[in-house]
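# Commentary on secondary and tertiary structure
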Amino acid sequence: MKIISKSCTLAALLMLNACAFTQRAEEATAEKEAWVESPASFVNPFIGASTSTDAAGVYHGLGKTFPGATTPYGLVQVSPNTITGGDNGSGYSYEHTSIEGFAFTQMSGIGWFGDMGNFLVMPSVGELHTAAGKGDNPSAGYRSAYDKKSETASAGYYGVALSDYNIKAEMTAAPHSGMLQFTFPENKQSRIQIDLARRVGGTSTLQSIEVLNDHTIRGWMKCTPDGGGWGNGDGQANYTVYFYAQMSRPFTEYGIWEADIPDNWTRKREDIESDRYQQRIAEAKVSHNVDKAEGKHLGFFAEYDTKKDEQIQLKAGISFVSLEGAEQNLKAEIKDWDFEKLKSEATQLWNDALSKVKVAGGSDEEKKVFYTALYHTMIDPRVFEDVSGEYMGGDGEAHQSEHFTKRTIFSGWDVFRSQFPLQTIINPSLVNDMINSLVTLADEKDKSYLERWELLNAYSGCMIGNPAVSVISDAYSKGIRDFDAEKALKYMVNTDNQFGNNEVGYTYESLGISNTLEYAYTEWCTAHMAELMGEKEIAKDFYKRSESYKNIFDDSVSWFRPRRKDGSFEPWPEGGRLKEWYGSVESNPYQQGWFVPQDIDGMIKLMGGKEEVKDDLTNFFEKAPENLMWNEYYNHANEPVHHVPYLFNYVDAPWLTQKWTRLICDRGYKDGVEGLVGNEDVGQMSAWYILSASGIYQVCPGNNRIDITSPVFDEIQFQLDPKYAKGKTFTIIAHNNSPENLYIQEIKLNGKAHNEPYLDFEDIKEGGKLELTMGSEPNYKLK
């Protein structure tokens, strides 16, 4: 009996073990299946696609993204445009009721007077209109009302029904080219027309067009500051867009229109919006079957006799270098007229790019918010060279890229905070590209310093600080060094010397708090990189300068305060540190004053110690409105405060970082048009979400400390670049995670207990696993 019993017991144990193994295998399979396998399907390009100041409650508006078709970091964006002028940088706002055309270049999420929106294509029927007309009277121009219910967008695709013309418009894109597909009604006067003068923030000042054959045109549009554009000309954008376009059906009837713009008329944004200017465009001279033209305000049209549901396609290559480049771009990328195939290829490009970060768990809405945010971080800095590798340099000459890909649109003051730290994890080669692009641009323009907000080679000087210095220092400290470090350091030093706190130890001109604090930080960045490079004297000098933030702290008000040239403080305003624009750019002293990322311990000491700072931070967050829209306290709609939730980690209260970052992820980001509380700012707003929802954040780019917080998802996996990292992936797992269980109870790094609420960037590069056990109550012992 004993033998039988032992045998039964052994068999039972074996069966139990087999069952346990099967269960674990099934759980592993289930866990594997939980990964989002097609992230592009979770992208909603309408998130943030509004410029509405009414909805935002402030002049800055909302996300200001565009919903059209593009590819990861592509040069081309084919998107609907609903407005030309005003503070509408993307050229589109969801609440507008008519569309004036579909452009091949766009900006994403910018808060200044915008630019681009070039090569505007519009299908129409009936009488030819040469002016777009205004939104409140679309029938007076070529713009059209559209059926809002028909409007659809996904990663790499946009479609809409133009109700005035009964035309369905669809579009997709390749990196340097795009395709439009129009489904026409039965009409003897159907048309595709192209406004060559159109530009989001003004007008192109000179255009050229040539008809090559019965289905091909080519030409260019020159855009200068005289025609408005970036900052209504103040941004100094000066570029030429070249195009090579073909139509799927040959045209027999075609023509060019030209508006007579007097030489003595100015052509900024407010000029082209005026009634007299628009009247001139509406009265443009129309010439039929003309093969070539050059002028100040040109347009082209091709007319067709169409049958019901007949489709005509237009495809175009875009270049910022040459006509030949535009032609090569199109022929290399779109060889046929298969719209669905091109759309599928664009979707696949997005799936490949978005798969660099995989998530499991969370709700469908959270996944849509996450992958749309990741999508928005992958629009810029975009490729700025042709398929040949040729790019337009800052000297106005064509250059051949060899060791890097030329990129453009560096929204420095925004993106140094989160967008570039994110890219150092998932796309370090892009960071190298941008650094090389900025350094070589300084060479080409014969400048001795680095630009803070670069657009299409322009030194726009937009915003403040020296953000390129931050990006370079951060990259170098992380081992991303495929650039001329000696030259970069030289330009960093020059930049800090030209724009810095210098001899008096603070900035006394306007915005003295913001400038002094930001300059002190980037002076630290220069010091840190110099130290890593063995340049001891430079490091010593700039470390000393990085402490200049202390020079504007006023003990009498216990906060930062702008000083005059003679050393006296500016009068303290009635509103105290809540007074917007008092020494602070787009913020108030309460918001800007937390920006001392290079010396948080020193800042805390100035402010009275950890307990006092913790209480003040708590007040800062608790007085912010629940929806986090523009306000005097924690104002997530603008960049200066983006690091502040993580300061609780530095005052021995990490549970408050965990609480507030989860609340911000939930309250500040939604799956909807008004799903961003502020301007997207070229990826920054979304990059903050990607990092915070993943449970990590870098407070001080240049310092490799990565703070830990409460992740939104149960599991997040970052794909690492083997050229820059030892590991293949870095995975964050949140056990027992839920909206209620938002507090970290225990941290393990690669299976070992980890007692600090932060990592080193090297831990990420090594690959491995960060495990967080979550609970519904704070763990006050974890500090």
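Here we summarise the structure given alongside this text. In this numbering scheme, every chain counts its residues from 1 along its sequence in written order. Restriction of local features to residues with pLDDT of at least 70 applies here, the model being predicted, together with a cutoff of 80 or more for giving and counting side-chain atom pairs; totals for whole chains, interfaces and linings are based on all residues. Only hydrogens and water are set aside when side-chain values are computed; all heavy atoms of the structure are taken into account.

### With respect to the overall build of the chain
The condition is simple: Put simply, DSSP marks the helices as runs of H or I at least four residues long and the strands as runs of E at least two long, and each gets a number from the N terminus on. What the globule rule says is 2.2 Å times the number of residues to the power 0.38, and the radius of gyration is computed from C-alpha atoms. Categorising residues by exposure relies on relative accessible area from a 1.4 Å probe, with only protein chains included: less than 20% of the type maximum marks a residue as buried, more than 50% marks it as exposed, and the intermediate range marks it as partly exposed.
Across its full length, the chain holds 20 helices and 38 strands. Its C-alpha atoms give the chain a radius of gyration of 28 Å, within 12% of the compact-globule value 28 Å for 783 residues. Taken over the C-alpha atoms alone, the chain extends approximately 95 × 95 × 50 Å along its principal axes. Relative to its full complement of 783 residues, the chain shows a buried share of 64%.

### Description of the packing of aromatic side chains
What counts is decided by this rule: The rule is short: rings of Phe, Tyr and Trp, with Trp giving its six-membered ring, pair when the centres are within 6.5 Å, and they are stacked under 30 degrees, edge-to-face over 60, tilted in between. Remark: a charge is flagged as sitting over a ring if the NZ atom of Lys or the CZ atom of Arg is within 6 Å of the ring centre and within 35 degrees of the ring normal.
Counted by the stated rule, this structure contains 44 aromatic pairs. When the ring of Trp 112 is compared with that of Trp 230, the centres are 5.0 Å apart and the planes differ by 80°; the resulting orientation is edge-to-face. Residue Trp 112 is found in the loop between β4 (101–103) and β5 (120–125), and its partner Trp 230 is found in the loop between β14 (216–223) and β15 (239–247); the two are separated by 118 residues along the sequence. Through a chain of ring-to-ring contacts, the aromatic side chains of Phe 553, Trp 559, Phe 560, Tyr 590, Trp 594, Phe 620, Phe 621, Tyr 633, Tyr 634, Phe 648 and Trp 660 assemble into a single cluster. The aromatic ring of Trp 337 is capped on one face by Lys 315, whose charged end is 4.2 Å from the ring centroid. Geometry around Phe 499 places Arg 452 over its ring, the cationic atom sitting 5.0 Å from the centre.

### As for empty space enclosed by the protein
Empty space among the atoms can be located by rolling a probe the size of a water molecule over them. Basically, it comes down to this: In this analysis the probe radius is 1.4 Å and the grid spacing 1 Å, with only protein atoms considered; a cavity is a set of points the probe fits into but cannot get out of, a pocket is an open set with protein on both sides within 12 Å along at least five of seven lines, and lining residues have an atom within 4 Å of a point. Grid points are joined across faces, edges and corners, and a volume is the space filled by probe spheres set on the points. Polar here means any residue other than Ala, Val, Leu, Ile, Met, Phe, Trp, Tyr, Cys and Pro, which are nonpolar, and Asp, Glu, Lys and Arg, which are charged; Gly is therefore polar.
Counted under the stated rule, the structure contains six cavities of 30 Å³ or more. Within this model, the largest cavity holds a volume of roughly 70 Å³. Classifying every residue of the lining of the largest cavity gives eight nonpolar, one polar and three charged. Size it by volume and the second largest cavity reaches roughly 60 Å³. Looking at the second largest cavity, the residues that line it are Phe 416, Arg 417, Phe 595, Glu 639, His 642, His 643, Tyr 697, Gln 698, Val 699 and Pro 701. Its residues assigned to classes, the lining of the second largest cavity comprises five nonpolar, three polar and two charged.

### Examining the sheet that holds β14
Just so we agree on the cut-off: Any two strands are treated as partners once DSSP identifies two or more bridges connecting them. The contact criterion used throughout is that any non-hydrogen atoms of two residues lie within 4.5 Å. Helix axes use the C-alpha atoms of the stretch in contact, all axes being lines fitted to C-alpha atoms, and the angles between their N-to-C directions lie in the range 0 to 180 degrees.
On the basis of which strands lie adjacent, the open sheet formed by ten strands has the order β3-β6-β7-β8-β9-β20-β15-β14-β13-β18 and antiparallel pairing. Lying at the two open borders of the sheet, with one neighbouring strand each, are β3 (98–99) and β18 (292–295). The sheet contact formed by β3 and strand β6 (residues 144–154) spans two bridges and is antiparallel. Bridging from a neighbouring strand, Ile 99 pairs with Ser 144 of β6. Sheet strands in contact with helix α6 (residues 339–354) are β7 (157–162), β8 (167–174), β9 (177–184) and β20 (310–319), and its direction is about 50° off that of β8.

### What about the nonpolar core?
Rules: In plain words, nonpolar cores are sets of buried Ala, Val, Leu, Ile, Met, Phe, Trp, Tyr and Cys residues tied together by side-chain atoms within 4.5 Å.
Counting 213 residues, the largest nonpolar core has Phe 102, Phe 119, Phe 300, Trp 594 and Tyr 689 as the members making the most contacts within it. When residues in this core are grouped by element, the largest group, nine residues, is from helix α13 (residues 512–532). Ala 174, Met 179, Tyr 242 and Phe 339 belong to the second-largest nonpolar core, a separate cluster that totals twelve residues.

### Regarding the layout of surface pockets
Put simply, the largest pocket is a space of about 440 Å³. Along the walls of the largest pocket sit 28 residues, with Thr 84, Glu 100, Gly 133, Arg 143 and Gln 278 positioned nearest its centre. Put simply, the parts of the chain that give the lining of the largest pocket at least two residues each are β11 (198–199), β12 (202–203) and α4 (275–282). Looking at which element gives the most residues to the lining of the largest pocket, the answer is α4, with three residues. Grouping the constituent residues of the lining of the largest pocket by class yields eight nonpolar, 13 polar and seven charged.

### Some points on the environment of Asn 515
For Asn 515, the position within the fold is in helix α13. When the C-alpha positions of Asn 515 and Asn 501 are compared, they lie 8.2 Å apart, and in sequence the two are 14 residues distant. Asn 515 has contacts with Ile 464, Gly 465, Asn 501, Thr 507 and Ser 510, leaving out every residue within four places of it along the chain.

### Digging into the pairing of strand β38 (residues 768–775)
Direction of pairing for strand β34 (residues 729–735) relative to β38: parallel, over a ladder of six bridges. Residue Thr 731 lies in a different strand from β38, and its bridge partner there is Lys 769. Examined bridge by bridge, strand β35 (residues 743–749) and β38 share six bridges and lie antiparallel to one another. Looking at the pairing, Tyr 743 lines up with Gly 775 of β38.

### Considering the pattern of salt bridges
Note the threshold: A side-chain nitrogen of Lys or Arg and a carboxyl oxygen of Asp or Glu constitute a salt bridge if their distance falls within 4 Å.
Counted by the stated rule, this structure contains 33 salt bridges. Residue Arg 143 pairs with Glu 100 through a salt bridge whose shortest N-O separation is 2.7 Å. With Arg 143 in the loop between β5 and β6 and Glu 100 in the loop between β3 and β4, this residue pair connects regions lying 43 residues apart in the sequence. The class for Glu 100 is buried, based on a relative accessible area of 2%. Residue Glu 170 is joined to Lys 168 by a salt bridge in which the shortest nitrogen-to-oxygen separation is 3.9 Å. Judged by its relative accessible area of 7%, Glu 170 is buried. When its relative accessible area of 40% is taken as the criterion, Lys 168 is described as partly exposed. Here the salt bridges do not stand alone but share partners, grouping Glu 100, Arg 143 and Arg 198 into one network.

### Things to note about the environment of His 528
Structurally, the position occupied by His 528 is in helix α13. When the C-alpha positions of His 528 and Leu 772 are compared, they lie 32 Å apart, and in sequence the two are 244 residues distant.

### Some thoughts on helix α12 (residues 485–498)
Selection criterion: By definition here, a helix of n residues has an expected span of 1.5 Å times n minus one. Any N or O atom pair separated by 3.5 Å or less is treated as a polar contact, with the protein-specific requirement of one donor-capable and one acceptor-capable atom, and with residues adjacent in sequence counted only for side-chain atom pairs.
A rise of 1.5 Å per residue sets the reference length of α12, with its 14 residues, at 20 Å; its end C-alpha atoms lie 20 Å apart and thus fit the reference within 8%. For α12, the complete set of buried residues consists of Ala 485, Ala 488, Leu 489, Tyr 491, Met 492, Val 493, Thr 495 and Asp 496. Tucked inside the fold, the buried residues of α12 contact α10 (428–444), α11 (467–477), α13 and α14 (536–545). At the N-terminal end of α12, a side-chain oxygen is found 3.3 Å from the backbone nitrogen of Glu 486, two or three residues along, and the residue is Asp 484.

### With respect to unusual backbone geometry
Here the bond from Asp 380 into Pro 381 is cis, since omega is 5°, no more than 30 degrees from zero. Topologically, Pro 381 is positioned in the loop between α7 (364–376) and β22 (382–383). Unusually for a residue other than glycine, Asn 289 sits at a positive phi of about 55°. Structurally, Asn 289 is set in the loop between β17 (285–288) and β18. Taking the relative accessible area as the measure of exposure, Asn 289 reaches 40% and is therefore partly exposed. The backbone of Leu 511 shows a phi angle near 60°, a positive value even though the residue is not glycine. If you trace the backbone, Leu 511 turns up in the loop between α12 and α13.

Scope: geometric values only; no functional claims are made or implied.
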